[in-house]
Amino acid sequence: MAPAVSTAALIEDDPWDMPELQDTGVKWADLDTKGKILRVLTIAAKLILLLGLLYMFVCSLDILSSAFQLVGGKAAGDIFQENTVLSNPLAGLVIGMLVTLLVQSSSTSSSIVVTMVSSGLLEVSTAVPIIMGTNIGTSVTNTFVAMTQVGDRNKFRRAFAGATVHDFFNWLSVLVLLPLEVATGYLVKLTDLIVKSFNIQSGENAPALLNVITDPLTQSIIELDETVISGIAVGDPEAKNKSLIKVWCQTASNTTIQNVTASNCSNFPCWELKNVTEITNIKKCNHIFVNTNLSDLAVGLILLACSLLILCTCLILIVKLLNSMLKGQVAVVINKIMNTVFFCVFFLVSGIGVIKLERAYPLSLGSNIGTTTTAILAAMASPVEKLGNSLQIALVHLFFNLSGIVLWYPIPFTRLPIRMAKALGQLTAQYRWFSGFYIIACFFAFPLLVFGLSLAGWQVLVGVLVPIVAVLIFVIIVNILQKHKPQWLPSVLRSWDFLPQWAHSLEPWDRVVTIMAARCCCCCKCCNVTEEDEETGTQENKDNEIEMYDKPTISVEIKEVITGHIQLKLVLIFNTWS
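Keep in mind that this is a model prediction, so the values were computed, not measured. (Residues numbered from 1 in each chain as written. Predicted model: local features only at pLDDT ≥ 70, side-chain atom pairs only at ≥ 80, totals over all residues. Heavy atoms only, no water.)

### Let's talk about helix H14 (residues 387–408)
Right, so step 1: In this model, H14 (22 residues) spans 32 Å end to end at C-alpha, consistent with the 32 Å of a helix rising 1.5 Å per residue.
Right, so step 2: Judged by how many residues are buried, H14 sits mostly within the fold: 16 of 22 residues are covered. (Helix = DSSP H or I, 4+ residues; strand = E, 2+ residues; numbered from the N terminus. Expected span 1.5 Å × (residues − 1). Buried < 20%, exposed > 50% of the residue type's maximum accessible area, 1.4 Å probe, protein only.)

Here's what the structure looks like:
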């Protein structure tokens with residue numbers, strides 16, 4: 001049996017050539033009257049379902065914001081603001097990556113970050129690295145999907161390159177923009193200016209936006225007491241002992257002038273006139289938890305789990321619904337548009353069909369822009385007093401992706417992600433096991449290493465990462481010079497042959513992986529064969545025993561053969577010793 005991993009060279013005229021997309025759907029002209037009516041009704045039903053899913057998605061974001069406030073408790077804001085881990089940009093970046101890896105959706109994780117900002121649990125400046133991390137974390141989904149083509153070397157080359165072009169864009173953007181943001185804060189400053197230009201008002205004149213249509217549903221589930229939240233914000237000690245769950249939705253206040261004991265009297269009691277406000281409860285709220293005996297934490301955990309479940313379910317169904325709507329002739333039209341010279345694909349959120357890597361790259365950039373609309377929707381569902389901060393962090397997500405596009409797309413020379421993805425695609429086509437190593441190293445091992453070093457302190461982080469980064473930069477520069485300007489290098493550095501082969505080639509590692517894979521396959525097959533043989537042998541022995549008892553003559557013949565065989569072995573052994 002041939003090994004599962006092979007390094008055989010692949011002969012192909014154009015390894016990056018893509019097959020043409022065919023329209024397999026039934027054309028409108030070929031449908032009868034019944035078929036046309038059915039198609040129109042199907043499209044209308046899908047549109048209605050899409051609007052319903054969007055409505056449930058926005059409502060779940062509102063519930064999620066309330067859940068964060070209940071779970072966080074009164075001191076959660078101070079904890080997050082004073083947390084030394086979140087104040088480290090690299091740690092925030094890794095947290096964003098890991099959260100996105102967990103939920104497998106940057107839209108979901110960015111929406112969670114926006115709701116945490118709207119709940120006051122995160123500051124905008126603290127949330128910026130987390131937003132950047134969500135962009136990297138979502139790249140692993142494409143890479144996992146590409147792994148399904150591992151059986152075909154040609155398809156796997158194209159699929160893995162098409163998936164990792166998104167990875168390299170996000171990694172390169174973070175490598176440039178995160179240090180720039182830490183040094184200058186340009187994303188926070190730019191989005192702050194934009195939000196201020198909106199002239200968002202607070203109080204009664206604040207814009208309701210999506211709350212007008214979401215409040216009837218969300219307020220029937222949970223409603224928070226804004227007076228308690230405001231009291232906590234201004235440091236009222238009595239507010240910290242109250243529940244955030246609103247019980248009385250209609251109250252009446254009566255202010256009267258009464259004599260109250262003055263606080264500046266020392267020797268004898270004295271009184272002064274003051275306005276005293278008495279609040280009378282009139283009508284209870286109608287939400288589910290109005291009469292609950294559960295604590296704020298318990299209610300918050302229940303709402304958190306339910307809202308996250310609905311949030312992820314709605315996103316998955318929306319994607320599948322859009323995917324089902326973009327088929328047939330629509331897919332062919334999109335395919336033609338993708339392969340023209342027009343760059344309108346920047347703003348397409350998704351596409352159906354087979355396209356070249358050079359056109360898949362701007363498509364992935366357009367999807368990056370499209371996914372930011374989810375965070376903007378989440379911001380629009382925020383409470384009015386936090387609407388400015390929520391919109392600001394949503395715009396940070398948008399302008400981060402726009403900045404990355406400006407860096408890595410307009411000039412052909414700067415389209416490094418395409419060249420890097422092609423190089424990785426060729427490498428993984430030759431050594432297919434390297435794709436698994438790439439996923440584990442880039443999305444799990446390296447982020448966890450950085451997070452662990454961040455917990456140890458910035459001195460340890462710098463002391464470990466700076467030498468590693470310096471060596472990587474040196475290797476990259478030497479590789480570029482070896483390919484284009486070898487005469488600029490010393491003779492010893494014009495190739496890596498002076499190093500052991502395992503240090504500059506994957507060939508030795510490939511042999512090791514091949515041998516291990518072959519042994520694992522052999523062990524599994526041997527175990528299966530042994531079990532089958534044992535079962536077959538046991539059954540045969542039983543059959544033989546029955547036959548020997550049934551036919552004594554055969555039994556005698558077998559005994560004679562065995563006796564003669566033993567005698568022959570004894571003679572051979574005796575001759576050998578002699």
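### Brief notes about the packing of aromatic side chains
Right, so step 1: Overall, the coordinates contain 11 aromatic pairs when judged by the stated rule.
Right, so step 2: When the ring of Phe156 is compared with that of Phe160, the centres are 5.4 Å apart and the planes differ by 50 degrees; the resulting orientation is tilted. With Phe156 and Phe160 both in helix H7 (residues 153–184) and four residues apart, this pair spans about one turn of that helix.
Right, so step 3: A relative accessible area of 0% places Phe160 in the buried class.
Right, so step 4: Taken together, the ring pairs connect Phe156, Phe160, Phe168, Tyr438 and Phe443 into an aromatic cluster.
Right, so step 5: Sitting above the plane of the Tyr409 ring, Arg415 keeps its charged end 4.4 Å from the centroid. (Phe/Tyr/Trp six-rings, centres within 6.5 Å; stacked < 30°, edge-to-face > 60°. Lys NZ or Arg CZ within 6 Å of the ring centre and 35° of its normal.)

### Comments concerning the packing of helix H15 (residues 416–430) against helix H16 (residues 433–456)
Right, so step 1: The geometry of H15 relative to H16 is characterised by a closest axis approach of 6 Å and an angle of 125 degrees between their N-to-C directions. Classified by the angle between their axes, H15 and H16 sit oblique to one another. Contacts between H15 and H16 involve Leu424, Leu427 and Thr428 on the former and, on the latter, Phe434, Ser435 and Tyr438.
Right, so step 2: Taken together, the residues that form the contact of H15 with H16 break down as four nonpolar, two polar and no charged. (Axes fitted to C-alpha atoms, helices over the stretch in contact; angles between N-to-C directions. Parallel < 35°, antiparallel > 145°, perpendicular 65-115°, else oblique. Contact = heavy atoms within 4.5 Å. Nonpolar A, V, L, I, M, F, W, Y, C, P; charged D, E, K, R; others polar.)

### Side note on H16
Right, so step 1: With 24 residues, H16 ought to run about 34 Å at 1.5 Å a step, and its terminal C-alpha atoms sit 33 Å apart, in line with that.
Right, so step 2: In H16, a bend of some 40 degrees at Ala441 exceeds every other bend along the element.
Right, so step 3: Considered for burial, the residues of H16 that qualify are Trp433, Phe434, Ser435, Tyr438, Ile439, Phe443, Pro447, Val450, Leu453 and Ser454.
Right, so step 4: Gly457 lies just past H16 and shows a positive phi near 120 degrees. (Bend = angle between axes of the 7 residues up to and from the residue.)

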